[in-house]
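Geometric and topological summary
Each chain, written out:
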Amino acid sequence: MTTQTSNASETKESQVFWRFWLAMTVSGAGSAMTVVALPLAAVTVLDATVLETTLLAATGQVAWLVLGLPAGVIVQRYPLRGLQVTLDLVRLAAIGSIPVAWWAGHLTFPHLLVVALVTGMATVLFDIGNSTFLPAIIDKRELNARNSLMSGTHAVIQTGGPSVSGLLVQLAGPVGVLAIDAVSYLVSAVTLRTLPERRPQAQPHAKATQLIRQGWNYVIRHPVMRPCMVWATIMNFVTAALLALTPLYLVREVGVSASIVGAVIAMDGVGALIGSAVATRLSRRVGTARAIIVAGVIGGLVVLMTPFTTTLSNIYFYALGLAGLSFSAVVGSIMTRTHRQTDSPPALLSRVMGTVRFVSWGALPLGAALSGLLASAVGIRAALWIMCLAAFAAPLSLLLTSVRHRRDLSDAHQE
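Heads up: these notes are all about the structure in this document. (Residues numbered from 1 in each chain as written. Predicted model: local features only at pLDDT ≥ 70, side-chain atom pairs only at ≥ 80, totals over all residues. Heavy atoms only, no water.)

This part takes up the environment of Thr 288. Summarising the element assignment, Thr 288 is placed in helix α10 (residues 288-303). Ignoring any residue separated from it by four or fewer positions in sequence, one finds Thr 288 in contact with Asn 144, Ser 283, Met 335, Arg 407, Asp 408 and Leu 409. (Helix = DSSP H or I, 4+ residues; strand = E, 2+ residues; numbered from the N terminus. Contact = heavy atoms within 4.5 Å.)

Right, let's talk about the side chain of Ser 397 for a bit. Relative to the helices and strands, Ser 397 resides in helix α15 (residues 393-399). There is a polar contact of 2.5 Å between the side chain of Ser 397 and the backbone oxygen of Ala 394. Leaving out residues up to four positions away in the same chain, Ser 397 has contacts with Val 230, Trp 231 and Ile 234. (Polar contact = N/O pair within 3.5 Å; in protein donor to acceptor, adjacent residues only side chain to side chain.)

With 46 residues, the main nonpolar core has Leu 242, Leu 250, Val 331 and Leu 409 as its most contacted residues. At the level of elements, α8 (225-254), α9 (258-286), α10, α11 (316-343), α14 (380-390) and α15 are the ones that each hand at least two residues to this core. Broken down by element, this core gets its largest block of residues, 11 residues, from α8. Once residues lying within four places of it in the same chain are set aside, the contact partners of Val 331 are Gly 275, Ala 279, Leu 282, Ala 291 and Ala 295. (Core = buried A, V, L, I, M, F, W, Y, C linked by side-chain atoms within 4.5 Å. Buried < 20%, exposed > 50% of the residue type's maximum accessible area, 1.4 Å probe, protein only.)

Tallied over the entire structure, the rule returns 6 aromatic pairs. Both rings, one in Phe 17 and one in Trp 18, keep their centres 5.2 Å apart while their planes meet at 70°; by these two values the pair is edge-to-face. By relative accessible area, Phe 17 is classed as buried at 0%. Ring geometry for Phe 308 against Trp 385: centres 5.5 Å apart, planes inclined by 80°, an arrangement best described as edge-to-face. A residue pair is termed long-range when its members are at least 10 positions apart, and Phe 308 in the loop between α10 and α11 and Trp 385 in helix α14 qualify at 77 residues. (Phe/Tyr/Trp six-rings, centres within 6.5 Å; stacked < 30°, edge-to-face > 60°.)

Two measures define how a pair of helices packs: the angle their axes make with one another and the distance between the axes. Where helix α13 (residues 363-378) contacts α14, the two axes come as close as 7 Å, and the packing angle between them is 130°. As the angle between them shows, α13 and α14 are arranged oblique. The chirality of how α13 crosses α14 is right-handed. Here Ser 371, Leu 374, Ala 375 and Val 378 of α13 lie close against α14, whose contacting residues are Ile 380, Ala 382, Ala 383, Ile 386 and Met 387. A breakdown of the residues in the contact of α13 with α14 according to their chemical character gives 8 nonpolar, 1 polar and no charged. (Axes fitted to C-alpha atoms, helices over the stretch in contact; angles between N-to-C directions. Parallel < 35°, antiparallel > 145°, perpendicular 65-115°, else oblique. Left-handed = near helix turned anticlockwise from the far one by under 90°. Nonpolar A, V, L, I, M, F, W, Y, C, P; charged D, E, K, R; others polar.)

With that settled, consider the pattern of salt bridges. If you walk through the whole model with that rule in mind, you get 2 salt bridges. One salt bridge in this structure joins Asp 88 and Arg 91, with 2.9 Å as the shortest N-O distance. Pair noted here: Asp 88 and Arg 91 are both in helix α4 (residues 80-104), with a separation of 3 residues, about one helical turn. The pair Asp 88 / Arg 91 is uniform in exposure class, with both members buried. Measuring nitrogen to oxygen at the nearest pair gives 3.2 Å for the salt bridge that ties Asp 408 to Arg 407. Note on Arg 407: relative accessible area 30%, which makes it partly exposed. (Salt bridge = Lys/Arg side-chain N within 4 Å of Asp/Glu carboxyl O.)

Function cannot be inferred from these measures alone, as they are strictly geometric.
Next comes the structure, spelled out in structure tokens:
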């Protein structure tokens with residue numbers, strides 16, 4: 001009877017996870033297509049300028065700087081399933097308003113800015129909620145494998161989503177693709193509605209600043225989470241810098257076409273897919289802490305290939321370099337995210353996630369901006385070499401802390 005009960009519980013848990021996975025996959029695919037369709041709508045439908053187009057992109061990213069820290073508190077104050085469903089519906093209304101406004105002949109650029117801001121804010125809260133939701137619906141022993149699957153799915157979406165979006169834009173136009181994205185949020189909301197509810201764990205009368213400070217202090221004082229946050233920040237900085245330099249280098253220094261640039265950038269997703277596929281096996285063989293360092297050194301060595309690309313005939317050096325860096329980033333991301341999910345007190349988890357993402361994801365626009373300044377000062381090729389070498393700073397940041405003595409991130413042994 002006990003075995004039957006256990007099997008029934010495992011089956012139910014598995015069903016819940018797959019519904020969660022379906023919701024994330026559908027909405028993620030729609031969002032990946034919007035990355036291409038939204039700026040194209042601005043350029044082709046509204047004839048937006050270069051400045052307006054870049055402003056649109058920045059508006060979608062600013063949400064992490066605005067909501068990154070308070071997001072953890074907000075997520076804790078409301079029933080999680082209800083909040084996620086509401087956020088999906090908010091994104092549905094925002095994205096769906098674009099096709100409606102276009103059909104009515106009232107679509108404007110300020111409208112697109114508002115949509116980018118609203119969807120960006122909702123996505124920040126949604127992502128923080130997801131990082132809390134997953135460990136609440138599955139056994140902790142399954143987190144590494146499930147996080148690997150989620151990361152692999154995300155990699156496939158990030159690789160194929162923009163390409164599929166480009167094809168759909170040719171068939172239905174950018175506004176039509178945005179309508180498809182709106183439907184994806186509806187499917188996600190309906191699917192999430194079938195999951196079990198998770199009640200809020202935060203103190204209802206505590207001040208938001210106090211709750212934010214608790215999450216911040218927990219991460220900063222933690223012997224593992226603090227260095228892992230530094231690692232993530234360095235990785236995001238270097239990744240953003242290289243991705244920003246990629247089109248400049250390949251077009252101006254190598255002289256390849258835009259289609260080749262897109263194919264090379266897609267290798268970032270291929271590397272992420274490989275990383276997610278081997279992460280669990282690697283962690284079992286060498287330990288989660290050592291896996292991050294090993295993958296980081298491998299990624300650093302491989303990414304050094306990128307500046308050796310000088311013509312179309314050796315473009316594979318650049319493609320392999322991007323794939324290698326993405327491989328190491330995903331392996332580390334899976335290990336550190338699982339560690340935060342399993343070792344953080346449940347009442348602090350969303351605030352821990354919010355703190356880490358506020359700091360580490362805040363490095364993305366900084367890396368892109370500084371790489372451009374560096375390229376202007378010393379040249380694109382020299383800037384590329386500097387950023388490739390900077391990739392070694394990520395594993396080095398862990399080797400300089402007590403993490404180097406651990407086999408696994410959750411080991412009790414400290415220096």
